[in-house]
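# Summary of structural features
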Amino acid sequence: MDKKKIKEIIEKTESFVKETFQQEGTGHDWWHTHRVRNLAKRIAREEGADIFIVELAALLHDIGDYKFFQGNEEAGVAKVGEWLSSLEISPLLTDKVVEITSRTSFMHTLLSDKEGNKKNSSALTKELMAVADADRLDAMGAIGIARAFTYGGFFKRPIYDPAIKPNKFITKEEYKTTESPSINHFYEKLLKLKNLMYTNSGWKMAEKRHRFLKLYLKEFFKEWKGKR
Ligand code: ADP
Ligand code: NI
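Let us look at the structure shown here. (Residues numbered from 1 in each chain as written. Chains lettered and ligands numbered in written order. Predicted model: local features only at pLDDT ≥ 70, side-chain atom pairs only at ≥ 80, totals over all residues. Heavy atoms only, no water.)

What follows is about the coordination of the nickel ion (ligand 2). Put simply, the ideal angle at a metal is 109.5 degrees for four donors in tetrahedral geometry and 90 or 180 degrees for six donors in octahedral geometry. At the metal site, the nickel ion (ligand 2) is ligated by His 32 (NE2), His 61 (NE2), Asp 62 (OD) and Asp 135 (OD), and these contacts range over 2.1 to 2.3 Å. Note that the nickel ion (ligand 2) binds 4 donor atoms; their angles at the metal cover 86 to 172 degrees, and the shape is irregular. For the nickel ion (ligand 2), the donor residues sit on a single chain with the sequence spacing H-x28-H-D-x72-D. You can see His 32 sitting in helix H2 (residues 30-47) and its partner Asp 62 sitting in the loop between helix H3 (51-60) and helix H4 (73-85), a full 30 residues away along the chain. (Donors = N, O, S within 2.8 Å, 3.2 Å for Na, K, Ca; no water. Tetrahedral: all angles 85-135°; square planar, octahedral: opposite > 155°, others 65-115°. Helix = DSSP H or I, 4+ residues; strand = E, 2+ residues; numbered from the N terminus.)

Here it is, written out as structure tokens:
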């Protein structure tokens, strides 16, 4: 594909995503997508993945999020497919991008009660790994902390409640329906992300962000106990 066509596809997709995410309050705003796109491109460059596929998939990675479709994951996948077919690109490229966006989410690494096993364990491409790592990185570190409390606040969850213990072995169904305080999310998801990184470059960034999460929790509990 020539450069002009690539630029056009990226720009069109960017406007489509910006429009879709207007007024999104759960941490899935345009700026999350913007950061994921930049991180994913950086990882793709370092890992030798196809930059165009990665950029397109990163832009679309949250468009089909189940939260926007009342828990219906298939409807989300269809929405990405519809957008891509409006772009007049090859079916092969469409399939690759749909495959990445439908498998990026952290949720897909969790066991589903219904299936009892991990769905879609087929080989991961470098492009998928770049987008997945970028999405996970944005849930870690200083940004990840901001997003966790934004998400919790949106659903009126408390910051912390010592009586409610985190559920470290959360299943996919529980992840979708949990009502627990935002701090629990650090133990249920955020601190696990470092070990779920696929690429070396992702892992290096994850290490720094992980350290910051741990430091934050240390301070949080000192302050909670009135020791700071
Ligand atoms: P993903 O795109 O990996 O599926 P989610 O859609 O689950 O991520 O989450 C979007 C953002 O909201 C992430 O930063 C995530 O850490 C945060 N989040 C998700 N569930 C909770 C929760 N129960 N409490 C606090 N933050 C959450
Ligand atoms: Ni995302």
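What follows is about the environment of Phe 155. Along the polypeptide, Phe 155 turns up in the loop between helix H7 (141-154) and helix H8 (172-177). For Phe 155, a relative accessible area of 35% translates into the label partly exposed. Along the sequence, Phe 155 and Glu 179 sit 24 residues apart, while their C-alpha atoms lie 8.4 Å from each other. (Buried < 20%, exposed > 50% of the residue type's maximum accessible area, 1.4 Å probe, protein only.)

Following both chains from N to C, one finds H2 and H3 inclined at 160 degrees, their axes separated by 8 Å at the closest point. In this view, H2 runs roughly antiparallel relative to H3, as classed from their interaxial angle. Considering the relative orientation of H2 and H3, their crossing is right-handed. Taking contact as the criterion, the partners of Trp 30, Thr 33, Val 36, Arg 37, Ala 40, Lys 41, Ala 44 and Arg 45 in H2 are, on H3, Ile 51, Val 54, Glu 55, Ala 58 and Leu 59. Classifying every residue of the contact of H2 with H3 gives 8 nonpolar, 1 polar and 4 charged. (Axes fitted to C-alpha atoms, helices over the stretch in contact; angles between N-to-C directions. Parallel < 35°, antiparallel > 145°, perpendicular 65-115°, else oblique. Left-handed = near helix turned anticlockwise from the far one by under 90°. Contact = heavy atoms within 4.5 Å. Nonpolar A, V, L, I, M, F, W, Y, C, P; charged D, E, K, R; others polar.)

This part takes up the nonpolar core. Val 17, Leu 56, Leu 60, Leu 84, Val 97, Leu 137 and Phe 186 are the most contacted members of the largest nonpolar core, which totals 51 residues. Considering each element in turn, this core owes the most residues, 8 residues, to H3. (Core = buried A, V, L, I, M, F, W, Y, C linked by side-chain atoms within 4.5 Å.)

This brings us to the pattern of salt bridges. All chains considered together, the criterion is met by 10 salt bridges. A salt bridge links Asp 138 to Arg 35; its shortest N-O distance comes to 2.7 Å. Of the two residues, Asp 138 is situated in the loop between helix H6 (126-137) and H7 and Arg 35 in helix H2; the sequence distance between them amounts to 103 residues. Look at Arg 35 and you get partly exposed, because its relative accessible area is 24%. In this structure, the salt-bridge partner of Glu 219 is Arg 228, at a minimum N-O distance of 2.8 Å. Owing to a relative accessible area of 26%, Glu 219 belongs among the partly exposed residues under this scheme. The exposure class assigned to Arg 228 is exposed, which follows from its relative accessible area of 57%. One continuous salt-bridge network, built from bridges that share partners, spans Glu 14, Lys 18, Arg 37, Lys 41 and Glu 55. (Salt bridge = Lys/Arg side-chain N within 4 Å of Asp/Glu carboxyl O.)

One pair of aromatic rings is described through two measures. These are the centre distance and the angle between the planes. Applying the stated rule across the entire model yields 12 aromatic pairs. Ring plane angle 5 degrees and centroid distance 4.1 Å describe the contact between Phe 16 and Trp 83, whose orientation is recorded as stacked. Placement of Phe 16 in helix H1 (residues 3-20) and of Trp 83 in helix H4 is noted, with a sequence separation of 67 residues between them. For the pair Phe 16 and Trp 83, one class covers both residues: buried. Look at Tyr 216 and Phe 220: their rings are 6.2 Å apart centre to centre, the planes differ by 45 degrees, and that puts the pair in the tilted class. Here Phe 220 and Tyr 216 lie together in helix H10 (residues 200-224), a separation of 4 residues that amounts to about one turn. Linked through ring pairs, Phe 149, Tyr 160, Phe 186, Tyr 216, Phe 220, Phe 221 and Trp 224 together constitute an aromatic cluster. (Phe/Tyr/Trp six-rings, centres within 6.5 Å; stacked < 30°, edge-to-face > 60°.)

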